[in-house]
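One letter stands for each residue in the lines below.
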Amino acid sequence: MTSVSAAGGTKPPAAPKSRKSVTGTRRTVAALFLLPALVLLGALVVYPIGYSVVRSFYDQSGDGFAGIDNYKALFTDEGIRTALKNNIIWVVFAPTIATALGLIFAVLTERVRWGTAFKLVVFMPMAISMLAAGIIFRLVYDQDPDKGVANAVWVGVHDTFAQASAFPKAHPGRESPLKPAGGGAFITTSPVRTGEAVSLPLVGVAPDQMPDGAKAAVAPKPEPDKVTGTTWQDFTRGKGVGALNRVDPSELGYAGMRVEAVKDGKVVASTTAAGDGTFTLPASADGARLRLPANNFKEPYNGLDWLGPSLVTPAIIGSYIWMWAGFAMVLIAAGLASVPRELLEAARVDGASEWQVFRRVTVPLLAPVLAVVAVTLMINVLKIFDLVFIIAPGSSQDDANVLALELYRKGFSEDQPGIASAISVFLLLLVIPVMWFNVRRLRREVRR
Amino acid sequence: MKAKQSLGSRLAEGVGGGLLRVFLIVVGLFWLVPTIGLLVSSLRAPEDIAASGWWKVFTEPSQITFDSYSKLLQNEDITSSLLNTVWITVPATLLVVVIGSLAGYAFAWMEFPGRDWWFLGVVGLLVVPVQVALIPIAELFGKIGIFGSVLGVVLFHVGFGLPFAVFLLRNFFAEIPRELLEAARLDGAGELRLFFRVVMPLGAPAIAALGIFQFLWVWNDLLVALIFSDSGSQPITVALQTQVRQFGNNIDVLAPGAFISMVIPLAVFFAFQRQFVSGVMAGAVK
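Let me begin by describing the structure that accompanies this report. Please read these numbers as outputs of a predicted model, since none were measured by experiment.

Notes on the environment of A:Asn302
All names here are of chain A.
- Along the chain, Asn302 falls in the loop between β8 (289-292) and α8 (312-337).
- For Asn302 and Arg440, which are 138 residues apart along the polypeptide, the C-alpha to C-alpha distance reads 55 Å.
- Beyond its immediate stretch of four places on either side in the chain, Asn302 contacts Gln143, Pro145, Asn151 and Val155.

Structure follows, in structure tokens:
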């Protein structure tokens, strides 16, 4: 129980100094008060520890002594090694990020009046189950940017910086004046002349994929000293309806299509089509060929595969941080409240910047609390199960595997209780330093 | 010179303050949006969920419907598992509070040989991972015939709730002024009377924190129930977990189901913030 002393001074008090019972209780009464707790603890916690240790040295059926074979499996079994590797990633990153965020939030919320409301919002996920949090984040991480909010935001940011393409599947139809120019671009087969109207028909854009600004296409009008033209969706629903390579009334212009005039491999002019698909190029385009560059036709960016093999563990760690940063924040804020204000003020008076005060005064003073929070989270993360079990889809659960999940699989679906017991003993060994620390600290206080 | 400086620093402070507010608001949204996403999803028809993102609801509020909830509450599996959650959580909480108080009181105020060593032994059990006990207890419960029952799940939670309960309550009870206990004793109070009339009421804050912590721990548990309950005794977390396997087709069950399972913990959270915080802070090692 490392966190108690940090939480706000509830140091375990020493038992009454006199060894004589106040109440003059008989020992049999004391035994009766203790019996239920000790029996349950013995049967449900102590006995299983012994059983697991013994069981971990026996083979899977439990009949033959297996020596340390089960422990060897911890380092040779492919599944367990992935789990071990992921557990290390978890233990390194989740507690540090959660603690760092908790520290930042705790320090910053002191400076706004609605700090309490903010803390409430960030702390709230502590109240809900990891199952519910898992379902929440399955929704957040949905691959489809139209459904998962993570990808919706990501794609939004991405498209702000990289131009989105509007016509992913457009391509020339039959007898088209356009031909593929390599790399996904299309180019006219013959050069264009000023005073001549050019038709650049394409097909293949689904009606619901047309850009919002698309209007009924308008046939190109020739203009002197200019190259004019129209680029549009040369397709009318219904077989044989509408003429090929001619603008029909029901057809839509390719609003926003980029058009380049290329002469000797160099772009001499470029423009963008209007809503009705018409465009105008200056006289310099005379004799050039018109190209529709490839970035018009790029597949739309679909965001990250959050729950795919490579990102699944960081994604689940993200959901864990969402749940536990509030815990770190509240503990650290409690510690911060006990930092003497005069110290901070003195540093400010001495001309220290806010950053210096934070870095040289606040953080060192909070170091014990930060350590307690980080250790608490590490123990917690060591046993992480629910979030991984719920968020990782079946296809990437092997990649997201952690020890507690592997123990569950080995023990309860693959019928390998020997190996599962070895995993559990391994987990127990990892927390023994903390157990020892707790007991030692308390022994001093109990005896005082 | 001095005035200039203060003007400059005030300006910097103003800009910094504005940035700080924006930053905290963005972070707050980050923390709220996932939950709002679940809530909104639970209020949309499956066809709408398949067709567009939940944020569409802000432009088309008419999409909001309680159909998923009313369908869910007619779903036998869900309603019975909700009841199971209650049947598991309430006894597991009460037993831990009562048994933990008895032992905590004994450790704090009674005299018997090796008292401190016994107590330190219990403290050592605080950080034992539940994983260690899963296989042994599954076999034990199988042998005595309570594997798959509500009783088994309750017992397991009591066993692993007790170290923290004893630790917390012993430390709290030890701070009760000696004179109070002696006075009650002189008034002729018996052992049980002393315990129920003096110790328990004085320990109310710690007992409340413990009770809330244990209640939420058990209510929110998935792993223990996943192993020790069967289809007849499974709580809501296990019932929903079986649905997650087909995630995507059944969001109309998952979203409202998850939200219903969150209602009680959130109500407890908002109603008992202070006790909740102290309970969580003290017990997070578990």
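What follows picks up the thread again.
Digging into the packing of helix α8 (residues 178-186) of chain B against helix α9 (residues 191-202) of chain B
Residues and elements named next belong to chain B.
- Contact geometry for α8 and α9: axes closest at 10 Å, N-to-C directions at 145°. Considering only the axes of α8 and α9, their crossing is right-handed. Contacts between α8 and α9 involve Leu180, Leu181, Ala184 and Arg185 on the former and, on the latter, Glu191, Leu194, Val198, Val199 and Leu202.
- Of the residues that constitute the contact of α8 with α9, the class distribution is seven nonpolar, no polar and two charged.

Some points on the interface of chain A and chain B
- With 105 residues of chain A in contact, the opposing surface of chain B contributes 110 residues.
- Of the roughly 9600 Å² buried where chain A meets chain B, counting both sides, 78% is carbon and sulfur surface.
- Where chain A packs against chain B, one counts zero salt bridges.
- Linking chain A with chain B are seven residue pairs in polar contact (both at pLDDT 80 or more), by the criterion used here.
- Examining the composition of the side of chain A that touches chain B, we find that 20 residues originate from one element, helix α2 (residues 27-55) of chain A, more than from any other.
- In terms of residue class, the side of chain A that touches chain B is built from 77 nonpolar, 16 polar and 12 charged.

What to know about the nonpolar core
- The biggest cluster of nonpolar side chains holds 207 residues, and the ones touching the most others in it are A:Trp90, A:Tyr320 and B:Phe228.
- Setting aside chain neighbours within four positions, we find A:Trp90 in contact with A:Pro95, A:Thr313, A:Ile316, A:Ile317, A:Tyr320, A:Val381, A:Ile384, A:Val388 and A:Val402.
- Core analysis: the next-biggest nonpolar cluster, separate from the first, contains 26 residues, A:Leu178, A:Val192, A:Val198 and A:Ala261 among them.

Here's the deal with helix α10 (residues 204-220) of chain B
- Between its first and last C-alpha atoms α10(B) spans 24 Å; for 17 residues at 1.5 Å apiece the expected length is 24 Å, and the two agree.
- A large share of α10(B) lies buried, amounting to 13 of its 17 residues.

Things to note about the pattern of salt bridges
- A full pass over the atoms with the stated rule returns 15 salt bridges over all chains.
- A salt bridge links B:Glu182 to B:Arg178; the nearest nitrogen and oxygen atoms lie 3.4 Å apart. Taken together, the positions of B:Glu182 and B:Arg178, both in helix α8 and four residues apart, correspond to about one turn of that helix.
- Taking the relative accessible area as the measure of exposure, B:Arg178 reaches 24% and is therefore partly exposed.
- The network of salt bridges with common partners includes A:Asp77, A:Asp398, A:Glu406, A:Arg409, A:Lys410 and A:Glu414.

Thresholds, definitions, all that
- Residues numbered from 1 in each chain as written.
- Chains lettered and ligands numbered in written order.
- Predicted model: local features only at pLDDT ≥ 70, side-chain atom pairs only at ≥ 80, totals over all residues.
- Heavy atoms only, no water.
- Helix = DSSP H or I, 4+ residues; strand = E, 2+ residues; numbered from the N terminus.
- Contact = heavy atoms within 4.5 Å.
- Axes fitted to C-alpha atoms, helices over the stretch in contact; angles between N-to-C directions.
- Left-handed = near helix turned anticlockwise from the far one by under 90°.
- Nonpolar A, V, L, I, M, F, W, Y, C, P; charged D, E, K, R; others polar.
- Buried area = accessible area lost by both parts, 1.4 Å probe.
- Salt bridge = Lys/Arg side-chain N within 4 Å of Asp/Glu carboxyl O.
- Polar contact = N/O pair within 3.5 Å; in protein donor to acceptor, adjacent residues only side chain to side chain.
- Core = buried A, V, L, I, M, F, W, Y, C linked by side-chain atoms within 4.5 Å.
- Buried < 20%, exposed > 50% of the residue type's maximum accessible area, 1.4 Å probe, protein only.
- Expected span 1.5 Å × (residues − 1).

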